[in-house]
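This is what each chain is made of:
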Amino acid sequence: MANQILIIDELHPSIFKMLESIGVEAVYIPEIEPADVKEALQGMDGLIVRSKMRITTDTIALADQLKFVARAGAGLDNIEVEKLEQLGIPVLGANEGNSQAVGEFTLGLLLSLFRNISRSHTQVQDKVWLREENRGEELSGKTIGIIGYGNMGQSFARVLQGFGCRLLAYDRYAPEKIAAPVMSVSLEELQANADVISLHIPYISDNLQFANDAFFQNCSKPVWFLNTSRGDVVDQEALVQYLKAGKVKGAALDVLENEKLHTLTAQQQLTFQFLADATNVILTPHIAGWTHESYVKINEVLVHKIQQLLQ
């Protein structure tokens, strides 16, 4: 009998033939309510989730033959990875699937900040024609600091290599991944030298508000700041204060501390409104890894990992 995998989020339809090619049957219920997933996992060999819900040990309590949990996307912060793996259930991710998309998008954000593309576009829409006021900076010759050198950080470094930048990277967990032409440095060295700082770190408890008051204070010169990882790794109040003070020259955020914008607290509303109104800030709706190509690549990565695990 073929292995059966429960899929509880909408995925690109290519997933069905891919799974079929490795002898796996997809039980596709993207409309399932989170409360019903626990019972639906009975008899299932695997679970694929995207962002519908948090997967905990309770979620899989009735899963009597579960071999793995997989996330169709980057980051595993909605899965109790350590607890599941203690139960002998591997957790698979697909970071490789959208890393190119994230690298390209982050570069796009940086170029837009440097050359005032987003701001001047809005001005021209309003029939305001300002040239000198939108004179920008060139990327060539700048020192770019990349924090986190997994799939996303490496992708950003690759797309930058044609621009004549000096590339520094800091990764506290896997510094051995950093290789020429990128220079491996300490966080302190990166903060002392970077013109641009880009975050590519996962959300884990150690990274909660990683970019906080002390982080920005320790930057030796005004920096451009990019975050395409997770909103929780940035203290938005601190970022706003340093934008106001000019210590952060501009920021591009694809992720926010609370992305459910209709549920913002009073303080979150204040910081959000400042960021939304600032002409040196770009906000996008968590789309860095969101391309037509990555939608398929994520499936390819997951199916390959599932095949290896089942074999």
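Everything numeric here is computed off the predicted structure, so don't read it as measured data.

Each value, and the rule that gives it
- Residues numbered from 1 in each chain as written.
- Predicted model: local features only at pLDDT ≥ 70, side-chain atom pairs only at ≥ 80, totals over all residues.
- Heavy atoms only, no water.
- Helix = DSSP H or I, 4+ residues; strand = E, 2+ residues; numbered from the N terminus.
- Buried < 20%, exposed > 50% of the residue type's maximum accessible area, 1.4 Å probe, protein only.
- UniProt positions renumbered as here; feature names shortened; annotations may be inferred.
- Phe/Tyr/Trp six-rings, centres within 6.5 Å; stacked < 30°, edge-to-face > 60°.
- Lys NZ or Arg CZ within 6 Å of the ring centre and 35° of its normal.
- Contact = heavy atoms within 4.5 Å.
- Pairing = 2+ DSSP bridges.
- Axes fitted to C-alpha atoms, helices over the stretch in contact; angles between N-to-C directions.
- Core = buried A, V, L, I, M, F, W, Y, C linked by side-chain atoms within 4.5 Å.

## What about unusual backbone geometry?
Here Ala180 and Pro181 are connected by a cis peptide whose omega angle stands at 10°. Mapped onto the secondary structure, Pro181 falls in the loop between strand E7 (166-170) and strand E8 (183-184). Despite not being glycine, Asn116 has its phi angle at roughly 55°, a positive value. With respect to the element layout, Asn116 can be found in the loop between helix H4 (99-115) and helix H5 (117-125). Its identity is not glycine, yet His286 carries a phi of approximately 55°, on the positive side. By secondary structure assignment, the location of His286 is in the loop between strand E12 (281-283) and helix H11 (292-310). Accessibility expressed as a relative area gives 32% for His286, which makes it partly exposed.

## What to know about the UniProt feature "domain: D-isomer specific 2-hydroxyacid dehydrogenase NAD-binding" (unreviewed entry) in the protein chain
Following the UniProt record, one finds the feature "domain: D-isomer specific 2-hydroxyacid dehydrogenase NAD-binding" (unreviewed entry) at residues 107-288. For residues 107-288, the helix share is 34%, the strand share is 16%, and the end-to-end C-alpha distance is 10 Å.

## Comments concerning the packing of aromatic side chains
In this structure the tally under the stated criterion is seven aromatic pairs. Judged by centre distance (4.9 Å) and plane angle (85°), the ring pair of Phe16 and Tyr28 falls under edge-to-face. Taken together, the residues Phe16 in helix H1 (residues 14-21) and Tyr28 in strand E2 (residues 24-28) connect sequence positions twelve residues apart. Look at Phe216 and Phe225: their rings are 5.2 Å apart centre to centre, the planes differ by 75°, and that puts the pair in the edge-to-face class. When its relative accessible area of 1% is taken as the criterion, Phe216 is described as buried. Classification of Phe225 by relative accessible area gives buried; the value is 0%. Members of the aromatic cluster, joined through ring pairs, are Phe210, Phe215, Phe216, Phe225 and Tyr242. If you follow Lys244 out to its NZ or CZ, it ends over the ring of Phe274, 5.3 Å from the centre.

## Regarding the environment of Gly153
In this fold, Gly153 is placed in helix H6 (residues 151-160). For the pair Gly153 and Val281, spaced 128 residues apart in sequence, the C-alpha to C-alpha distance is 21 Å. For Gly153, the residues in contact, after removing those within four places along its chain, are Ile146, Gly148 and His200.

## Describing the environment of Glu80
Relative to the helices and strands, Glu80 is located in the loop between strand E4 (68-71) and helix H3 (81-86). In this structure, the C-alpha to C-alpha distance between Glu80 and Leu167, residues 87 residues apart in sequence, is 34 Å.

## Brief notes about the sheet that holds strand E5 (residues 91-92)
The five strands are arranged E2-E1-E3-E4-E5 in an open sheet whose pairing can be described as parallel. Looking at the sheet topology across the chains shown, the edges are occupied by E2 and E5. The pairing of strand E1 (residues 3-7) with E2 spans five bridges and is parallel. Looking at the pairing, Ile7 lines up with Tyr28 of E2. Helix-sheet contacts for H1 involve E1 and E2, and the interaxial angle to E2 is about 150°.

## Looking at H6
Most of H6 sits out of view: seven of its ten residues are buried. Residues Met152, Gly153, Ser155, Phe156, Ala157, Val159 and Leu160 constitute the buried set of H6. Buried positions along H6 lie against H4, strand E6 (143-147), E7, strand E9 (196-199) and strand E10 (223-227).

## Topic: the UniProt feature "domain: D-isomer specific 2-hydroxyacid dehydrogenase catalytic" (unreviewed entry) in the protein chain
Under the UniProt annotation, the feature "domain: D-isomer specific 2-hydroxyacid dehydrogenase catalytic" (unreviewed entry) is placed at residues 5-309. Secondary structure content for residues 5-309 is 36% helix and 16% strand, and the end C-alpha separation is 13 Å.

## Details of the side chain of Thr143
Mapped onto the elements, Thr143 comes out in strand E6. Taking relative accessible area as the criterion, Thr143 reaches 8% and is therefore assigned buried. Setting aside anything within four residues of it in sequence, one finds Thr143 in contact with Arg166, Leu168, Asn193, Ala194, Asp195 and Val196.

## Quick look at the nonpolar core
Formed by 33 residues in total, the largest nonpolar core has its most connected members in Ile147, Ile197, Leu199, Phe215, Phe216, Phe225 and Leu239. Leaving out residues up to four positions away in the same chain, Phe216 has contacts with Ala211, Phe225, Ala238, Leu239, Tyr242, Lys247 and Val248.

## Re the sheet that holds E9
Pairing within the open sheet is parallel, and its seven strands lie in the order E8-E7-E6-E9-E10-E11-E12. A single partner strand is all that each edge strand has here, and the edge strands are E8 and E12. Relative to E7, E6 runs parallel, the two being bridged by five bridges. When the sheet's bridge partners are listed, Ile144 is paired in E7 with Leu167. Sitting on the sheet, H4 is in contact with E6, E9, E10, strand E11 (248-253) and E12, with an inclination near 145° to E10. Here H6 sits on the sheet in contact with E6, E7, E9 and E10, set at roughly 160° to E6.

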